[in-house]
Amino acid sequence: MPIFVSHKKKIFVLTSYKVGYSTLMSQEKSSLNYLHYIIDFPIFKNLIKHFLYKRYVIVRNPYYRFLSLFSDKFRKQPQRILNGLHNWENIHRCLFPYLKINPADQDKTIACKFLDMTISDLIKLIPLVINDDQHFMPQTVTNQFRLFNIFPVNIRINGFFRIEDQLVELSGLTGIDFGIKKNTSNSKQLKDKLSQKDLLVLNKLYKNDFLLGNYTMVSKFE
């Protein structure tokens, strides 16, 4: 998952996609620098080299992380692509076989398939592709380094911060301006689209993410 460093602050900041990533990438005026999209071996060596740097992870309520993902990648992005502003990403391509999409299909055809896909349709597919794209992966893998690309090793973390209510404290430690909002979505407006069955699936798939951020699992939204 994405990792950033500030040598001035002597910190590493780790996050997941749809968890403040765009905001962190927009911090041109800060000392925060983007390193890589995963903790690979060179990044792991960097962590060892700067062993005394503090390491912080930003987490998000799994329900709203998923809804933000759906809103951005499967509602906004098909339209952006039709307007010639973007390209299909791995998160889309890994779903092609399950939606009977041929990579040679025209963008309009592909966009229609995604725009016709409901929230429930996507949730049914997540167990099949959860390891195929980082947008689907649990946040619990954010601080993992895979030794020989197989064995997960959890790196030391000094603190976890919820994006919903702990950004003031995190901003004080890191100097990151979370007042800058990038790539926002209407995720909260979509929550009523989640059925009880959808919530049960998300609860099962992201059980450890709820524990990680001390979030409450529900069987329906009030």
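Placed above this text is the structure.
Quick caveat, the model's predicted, so the values are computed rather than measured. Counting restarts for each chain, with residues numbered from 1 along the sequence as it is written. Whole-chain, interface and lining totals are the exception, using all residues; otherwise, since this is a predicted model, local features are given only for residues with pLDDT of at least 70 and side-chain atom pairs are given and counted only at 80 or more. Side-chain metrics in this entry use all non-hydrogen atoms of the structure; hydrogen atoms and water are not considered.

What follows concerns the environment of Thr142. Labels follow the DSSP assignment, with helices taken as runs of H or I lasting at least four residues and strands as runs of E lasting at least two, numbered in each case from the N terminus. Position of Thr142 among the secondary structure elements: in the loop between α6 (119-129) and β5 (144-147). Summary of the burial criterion: residues with accessible area below 20% of their type's maximum are buried, those above 50% are exposed, and those between are partly exposed, where the area comes from a 1.4 Å probe applied to protein chains only. Its relative accessible area of 1% is what places Thr142 among the buried residues. Sequence separation between Thr142 and Tyr64 is 78 residues, and the spatial gap between their C-alpha atoms is 17 Å. With sequence-adjacent residues up to four places away left out, Thr142 is seen in contact with Met1, Leu14, Thr15, Ser16, Ile39 and Val57. A distance of 2.7 Å separates the side chain of Thr142 from the side chain of Ser16, its partner in a polar contact. The term polar contact refers here to a pair of N or O atoms within 3.5 Å; inside protein, the definition further demands a hydrogen-donor-capable atom paired with an acceptor-capable atom, and it admits residues adjacent in sequence only when both atoms are side-chain atoms. Of the polar contacts made by the side chain of Thr142, one reaches the backbone oxygen of Gln139; its length is 2.6 Å. Working rule for contacts: check all heavy atoms of both residues, and any pair within 4.5 Å makes them a contact.

Grouped together as the largest cluster of nonpolar side chains are 47 residues, with contacts concentrated most on Phe66, Phe74, Leu95, Phe114, Leu122 and Phe136. Counting only elements with at least two residues in this core, the list comes to β1 (3-6), β2 (11-14), α2 (41-49), β4 (54-59), α3 (62-82), α5 (107-116), α6 and α9 (196-205). Not counting residues up to four positions away in its chain, the partners in contact with Phe136 are Leu69, Phe74, Ile91, Cys94, Leu95, Leu122, Ile126, Val129, Ile130 and Tyr206. Listed in part, the 14 residues of the second largest apolar core include Val13, Leu32, Tyr56 and Ile163. By convention a nonpolar core is built from buried Ala, Val, Leu, Ile, Met, Phe, Trp, Tyr and Cys residues, the set being connected through side-chain atoms within 4.5 Å.

A few words on the state of the cysteines. Cysteine sulfur atoms that come within 2.5 Å of each other are treated as a disulfide pair. What the rule picks out here adds up to 0 disulfides. Of all cysteine sulfurs, the one in Cys112 lies closest to Cys94, which takes part in no disulfide; the gap is 20 Å.

Put simply, α3 and α5 touch, their axes get as near as 9 Å, and they point 165° apart. By the criterion of interaxial angle, the relationship of α3 to α5 is roughly antiparallel. Remark: the crossing between α3 and α5 carries left-handed chirality. Side by side, α3 and α5 meet where Phe74, Arg75, Pro78, Ile81 and Leu82 of the first sit next to Asp107, Lys108, Ala111, Phe114 and Leu115 of the second. Residues are sorted three ways: Asp, Glu, Lys and Arg are charged, Ala, Val, Leu, Ile, Met, Phe, Trp, Tyr, Cys and Pro are nonpolar, and all the rest, Gly among them, are polar. Looking at the contact of α3 with α5 residue by residue, the class counts come to 7 nonpolar, no polar and 3 charged. Whenever a helix is involved, its axis is fitted only over the stretch in contact; in every case the axis is a line through C-alpha atoms, and angles between N-to-C directions fall within 0 to 180 degrees. In what follows, roughly perpendicular refers to angles from 65 to 115 degrees, roughly parallel to angles under 35, roughly antiparallel to angles over 145, and oblique to any angle outside these ranges. Should the near helix be turned anticlockwise from the far one by less than a right angle, the crossing is termed left-handed; should it be turned clockwise, right-handed.

Inspection of the secondary structure assignment puts Asn158 in the loop between β6 (151-154) and β7 (159-162). Distance from Asn158 to Ile11, taken between C-alpha atoms, is 9.9 Å for residues 147 residues apart in sequence. With residues near it in sequence (within four places) discarded, Asn158 still touches Tyr53, Lys54, Arg55 and Tyr56. Of note is the side chain of Asn158, whose polar atom sits 2.9 Å from the side chain of Arg156.

Centre-to-centre distance and the angle between the planes together describe a pair of aromatic rings. Stacked, edge-to-face and tilted are the three classes for Phe, Tyr and Trp ring pairs, Trp counted by its six-membered ring, which pair at centre distances within 6.5 Å; planes under 30 degrees apart are stacked, over 60 edge-to-face, the rest tilted. All chains considered together, the criterion is met by 13 aromatic pairs. Ring centres of Trp88 and Phe114 lie 5.5 Å apart, and the angle between their planes is 40°; on these two criteria the pair is classed as tilted. Of the two residues, Trp88 sits in the loop between α3 and α4 (90-93) while Phe114 sits in helix α5, which places them 26 residues apart along the sequence. Here Trp88 matches Phe114 in class, with each residue buried.

It is worth spelling out the pattern of salt bridges at this point. Salt bridge, as applied in this entry: a Lys or Arg side-chain nitrogen positioned within 4 Å of an Asp or Glu carboxyl oxygen. Taken as a whole and assessed by the stated rule, the structure comprises 5 salt bridges. Here Asp72 and Arg80 are joined by a salt bridge, their closest N and O atoms 2.9 Å apart. The partly exposed category is assigned to Arg80, whose relative accessible area is 22%. One salt-bridge network, held together by shared partners, links Lys18, Asp72, Lys73, Arg80 and Glu89.

Shape is all these values report; function is a separate question.
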